[in-house]
Amino acid sequence: MSSPAASAPVHNHLSPLLTDLYQLTMLHGYWRNGMHAQTAVFDVYYRRNPYEGGYGVWAGLEPMLEYVLGLHFDEGALRYLAGLDLFETAFLDALRGWRFTGRIESFPEGSVVFPHEPLLTVTAPLWEAQLIETALLNTLNFQTLIATKAARCVSVMDGGTLVEFGTRRAQGPDGALGAARAAFIGGAAATSNVLAGQLYGLPVVGTHAHAWVESFPDELTAFRAYADLHPDSTTLLLDTVSTLESGLPNAITVARELRARGHELRAVRLDSGDLAYLSRRVRAALDAAGFPEVKVMASNDLSENVIQSVIREGGRLDIYAVGTQLVTGGGPGGGALGGVYKLAELGGQPRLKLTGDPSKTSLPGAKRVWRGTGTDGEQAGQYGWDVIGLAGDPAAPRAGQRVSDPANPLKSSRLPANLDWHDPRTVFVEGGERVTPPSTLPQVQARARTELRRLPEGTLRLLNPHTYRVSLTAPLQASRDALIAALQGQDVPAPTPGPDGTPGT
């Protein structure tokens, strides 16, 4: 296992063409109508926790910031856009000078986050803020999904170790790298992906495949050959022939031979069968043979629910190698995080997306987030409530203050006493320049671990978790209500009649 680098570099495709076409056609329109320089405020948020869980683990911030701050249009990109015959030459000339000059405020990576709150806010000229939407959501949605999945796996392990083993099942090379990075943030101790180890300074681990055993005359010869190569870091795969009748006794034989030469077998791996039953048998045999320090590892399409089931059935596993379900974000409520990027203010005026579904109506205006931490008894140091307010309101929430549910304005509550309020977000970019230094990945992982410990009881539960409270202040709710009323009261011009007198389209 390698050690994590002191600071882990991030790598990304720094092309402005990593975007949806409509971003560029909108930029053209903003520029054509003289709107592109207006100051815009966009918020990133999601409406439902991933995996039907109680929280998310915020990840992907550093790759996203590297992308935004390095973004520019080179001649190759401009030639390609010119060849589409969609854009004026003068607009493409203007893009040569495009750089991000705005402000980015965000929860730090590794923070626990919840639905409806602005996780990241971009304040910048409209064409700057608009262009970065696609790549920003691509990075933050995916890595937050995977970091949350890793945290869910770790939460049920009862002291076990998570390693990420999913490269071959990930959505392409970029997906594999991003998943390895995010899984580490969520609590994985290592990855099997060697390139991720190099790029991000992650510990790398590995065993051997069934093909190794099949390539030798017999299993014992294969085990001995691998142990000779790696006498202090050998993990033997037990199930190529028969886990209990062949693999286990052969592994114990090799463990004795290694010890006789001054070395120790590190672990054995189970990759099929009843993991709870097999791990109990393997653990008992290793202990009886005098090898209590040899770890028992399992792979075989694990997920947080499978891990929890194995533990409940008395399984004796030390290391969980989670692959497909981790790197693809699989499972109920997974697959993709529905993070969105919505315009909240333009030219100093609040903006709002109004739909027939009240839960999807966005929050207008520049905002701030307050997080309440318990001050007394068992709740001391524990997160208790998040409140979203208007950016111009400097007053912290107070006990007894009435707040409303972002998804249901008719549902309101009064804030309890004994909460200490702070702003959990940080300004990372100001005037297009980095103003907060990056954290190393071990620091981000440690932050996530600490934050998860501060969640209220029941929030980590896989099934029917505690719902963490996120609310709106009365001034923000009033601003939203007023803007909804104004939009609903707008006069809509009658459609122009068609040639036959029927309404036009």
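All chains use their own residue numbering, which begins from 1 and follows the written sequence. Where local features are concerned, this predicted model is filtered to residues with pLDDT of at least 70; where side-chain atom pairs are given and counted, the filter is 80 or more; whole-chain, interface and lining totals use all residues. For the side-chain quantities, the full set of heavy atoms in the structure was used; hydrogens and water were omitted.

Q: Please provide a residue-by-residue account of the overall build of the protein, values included.
A: Runs of H or I in DSSP of at least four residues are treated as helices and runs of E of at least two as strands, each being numbered from the N terminus. In terms of regular secondary structure, the protein is built from 16 helices and 21 strands. Overall, the protein is about 90 × 60 × 55 Å in size when its C-alpha atoms are taken along their principal axes. Buried means the residue's accessible area, taken with a 1.4 Å probe over protein chains only, is under 20% of the maximum for its type, while exposed means over 50%, and partly exposed covers the values in between. Per-residue burial over the protein gives 50% buried out of 505 residues. Here, residues are in contact when the closest pair of their heavy atoms is within 4.5 Å. For the protein, contacts bridging at least 24 residues in sequence account for 75% of all contacts bridging at least 6. Summed over all atoms, the accessible surface of the protein reaches about 22200 Å², with 52% contributed by carbon and sulfur. The charge count includes Lys and Arg as positive and Asp and Glu as negative, but it does not include His or the ends of the chains. Taken as the charge location is NZ of Lys, CZ of Arg, CG of Asp or CD of Glu. The averaged location of the 51 negative side-chain charges in the protein is 4 Å from the averaged location of its 44 positive side-chain charges. Here the open area of atoms and residues is found with the Shrake-Rupley method and a 1.4 Å probe, where only the protein chains shown may cover a residue.

Q: Talk me through the packing of helix 6 (residues 133–155) against helix 7 (residues 172–186); I want residue IDs and the actual numbers.
A: In the contact formed by helix 6 and helix 7, the axes pass within 7 Å of each other and the chain directions differ by 45°. Between helix 6 and helix 7, the crossing angle belongs to the class labelled oblique. You can see that helix 6 and helix 7 cross each other, and the crossing is right-handed. Facing Phe-142, Gln-143, Ile-146, Ala-147, Ala-150, Ala-151 and Val-154 of helix 6, the residues of helix 7 in contact are Gly-175, Gly-178, Ala-179, Arg-181, Ala-182, Ala-183, Ile-185 and Gly-186. Under the convention adopted here, Pro, Cys and the residues Ala, Val, Leu, Ile, Met, Phe, Trp and Tyr are nonpolar, Asp, Glu, Lys and Arg are charged, and Gly plus all remaining residues are polar. When its residues are assigned to classes, the contact of helix 6 with helix 7 shows 10 nonpolar, 4 polar and 1 charged. Lines fitted to C-alpha atoms define the axes, with helix axes restricted to the stretch in contact, and inter-axis angles between N-to-C directions lie between 0 and 180 degrees. What sets the label is the angle itself: under 35 degrees gives roughly parallel, over 145 gives roughly antiparallel, 65 to 115 gives roughly perpendicular, and the rest give oblique. It is the rotation of the near helix from the far one that decides the hand of a crossing: anticlockwise by less than a right angle makes it left-handed, clockwise makes it right-handed.

Q: An account of the packing of aromatic side chains is needed here, citing residue identities and associated values.
A: One pair of aromatic rings is described through two measures. These are the centre distance and the angle between the planes. Any pair of Phe, Tyr and Trp rings, taking the six-membered ring for Trp, is counted once the centres come within 6.5 Å. Such a pair is stacked with planes under 30 degrees apart, edge-to-face with planes over 60 apart, and tilted for the rest. Taken as a whole and judged by the stated rule, the model has 7 aromatic pairs. Ring plane angle 10° and centroid distance 4.0 Å describe the contact between Phe-114 and Tyr-468, whose orientation is recorded as stacked. Of the two residues, Phe-114 sits in the loop between strand 4 (112–113) and strand 5 (120–125) while Tyr-468 sits in the loop between helix 15 (441–453) and strand 21 (470–473), which places them 354 residues apart along the sequence. Here the two residues Phe-114 and Tyr-468 agree in accessibility, since each one is buried. Each member of the aromatic cluster is reached from another via a ring pair, and the members are Trp-31, Phe-87 and Phe-91. Charges are assigned to positions over rings by a cutoff of 6 Å between ring centre and Lys NZ or Arg CZ, combined with an angular limit of 35 degrees from the ring normal. The aromatic ring of Tyr-383 is capped on one face by Arg-371, whose charged end is 4.9 Å from the ring centroid.

Q: Tell me what's going on with helix 7, and back it up with residues and numbers.
A: Any helix carries an expected span of 1.5 Å times its number of residues minus one. The terminal C-alpha atoms of helix 7, which comprises 15 residues, lie 21 Å apart, in line with the 21 Å expected from a rise of 1.5 Å per residue. Among the 15 residues that make up helix 7, 12 are buried, leaving the element largely enclosed by the rest of the structure. For helix 7, the full list of buried residues reads Gly-175, Ala-176, Leu-177, Gly-178, Ala-179, Ala-180, Arg-181, Ala-182, Ala-183, Phe-184, Ile-185 and Gly-186. Residue Gly-187 follows helix 7 closely and has a positive phi angle near 130°.

Q: Before we move on, could you go through the UniProt feature "domain: Nicotinate phosphoribosyltransferase N-terminal" (unreviewed entry) in the protein and cite the residues and values that matter?
A: UniProt positions are given in the numbering used here, feature names are shortened, and annotations may be inferred rather than shown by experiment. The UniProt record annotates "domain: Nicotinate phosphoribosyltransferase N-terminal" (unreviewed entry) at residues 17–141. Across residues 17–141, helical content stands at 42% and strand content at 17%; the span's end C-alpha atoms are separated by 19 Å.

Q: Can you tell me about the nonpolar core, naming the residues and giving the values?
A: Nonpolar side chains in soluble globular proteins tend to be buried together. Among buried residues, those of type Ala, Val, Leu, Ile, Met, Phe, Trp, Tyr and Cys that are joined through side-chain atoms within 4.5 Å constitute a nonpolar core. The biggest cluster of nonpolar side chains holds 121 residues, and the ones touching the most others in it are Leu-95, Trp-98, Leu-120, Val-122 and Leu-136. Among the elements that make up this core, the one with the highest residue count is helix 6 (10 residues). Beyond its immediate chain neighbours, meaning those up to four positions away, Trp-98 contacts Leu-27, Leu-71, His-72, Phe-73, Trp-127, Glu-128, Leu-131 and Ile-132.

Q: Tell me about the sheet that holds strand 10 (residues 295–298), residues and numbers included.
A: In short, DSSP must find at least two bridges between two strands for them to pair. Taken together, the 6 strands give an open sheet; going across it, the order is 7-6-11-10-9-8, and neighbouring strands pair in parallel fashion. Strands at the two margins of the open sheet, each flanked by one partner only, are strand 7 (190–191) and strand 8 (235–237). Looking at chain direction, strand 9 (residues 267–270) and strand 10 are connected through 4 bridges and run parallel. Looking at the pairing, Arg-269 lines up with Met-297 of strand 10.

Q: Account for the pairing of strand 19 (residues 426–430), naming residues and giving values.
A: Looking along a regular strand, one sees side chains alternate from face to face of the sheet. One ladder, built from 3 bridges, connects strand 3 (residues 103–106) with strand 19; its direction is antiparallel. Looking at strand 19, one finds that Ser-106 is bridged to Thr-426. With 2 bridges connecting them, strand 19 and strand 20 (residues 433–434) associate as antiparallel partners. Bridging from a neighbouring strand, Val-429 pairs with Arg-434 of strand 20. The loop that links strand 19 with its antiparallel partner strand 20 comprises 2 residues; one of these, Gly-431, has a positive phi angle of about 60°.

Q: Now, about a nonpolar patch on the surface: what can you tell me, with residues and values included?
A: Taken together, the side chains of Leu-17, Leu-21, Tyr-80, Leu-84 and Leu-86 make up a nonpolar region of the molecular surface, amounting to roughly 440 Å² of accessible area. Within the secondary structure layout, Leu-84 lies in the loop between helix 3 (75–83) and helix 4 (89–95). Note that patches include only residues with greater than 30% relative accessible area and no salt bridge, and the join distances are 9 Å for like charges and 5 Å for nonpolar side chains (Val, Leu, Ile, Met, Phe, Trp, Tyr). For salt bridges, the criterion is a side-chain nitrogen of Lys or Arg within 4 Å of an Asp or Glu carboxyl oxygen.

Q: Break down the UniProt feature "domain: Nicotinate phosphoribosyltransferase C-terminal" (unreviewed entry) in the protein for me, with residues and values.
A: UniProt's entry tags residues 367–477 with the feature "domain: Nicotinate phosphoribosyltransferase C-terminal" (unreviewed entry), counted in the numbering of this structure. A helix fraction of 15% and a strand fraction of 33% characterise residues 367–477, whose end C-alpha atoms lie 12 Å from each other.

Q: Please provide a residue-by-residue account of the side chain of Ser-111, values included.
A: As for its position among the elements, Ser-111 is in the loop between strand 3 and strand 4. A residue is classified by how much of its surface remains accessible, and Ser-111, at 3% relative accessible area, is buried. Within the structure, the side chain of Ser-111 is placed 2.7 Å from the backbone oxygen of Pro-108, a separation counted as a polar contact. Ignoring any residue separated from it by four or fewer positions in sequence, one finds Ser-111 in contact with Gly-56, Val-57, Trp-58, Arg-447 and Glu-451. N or O atoms within 3.5 Å of each other form a polar contact, as long as, within protein, one can give a hydrogen and the other can take it, and as long as residues adjacent in sequence are counted only when both atoms are side-chain atoms.

Q: Lay out the side chain of Thr-373 in plain terms, naming residues and giving numbers.
A: You can see Thr-373 is positioned in strand 14 (residues 367–374). Of the residues examined, Thr-373 reaches a relative accessible area of 8% and is grouped as buried. When residues no more than four places from it in sequence are discounted, the contact partners of Thr-373 are Gly-381, Gln-382, Tyr-383, Asn-418, Leu-419, Asp-420, His-422 and Arg-454.

Q: Could you give an account of the pattern of salt bridges, with specific residues and numbers?
A: Under the definition given, this model contains 21 salt bridges. Between Arg-259 and Glu-264 there is a salt bridge; the shortest N-O distance is 3.0 Å. The exposure class of Arg-259 is partly exposed, given its relative accessible area of 38%. For the salt bridge of Asp-386 with Arg-371, the shortest nitrogen-to-oxygen distance reads 2.8 Å. Here Arg-371 lies in strand 14 and Asp-386 lies in strand 15 (residues 383–390), a separation of 15 residues in the sequence. You can call Arg-371 buried: its relative accessible area is 1%. Salt bridges linked by common partners bring Arg-103, Glu-105, Arg-425 and Glu-430 together as one network.

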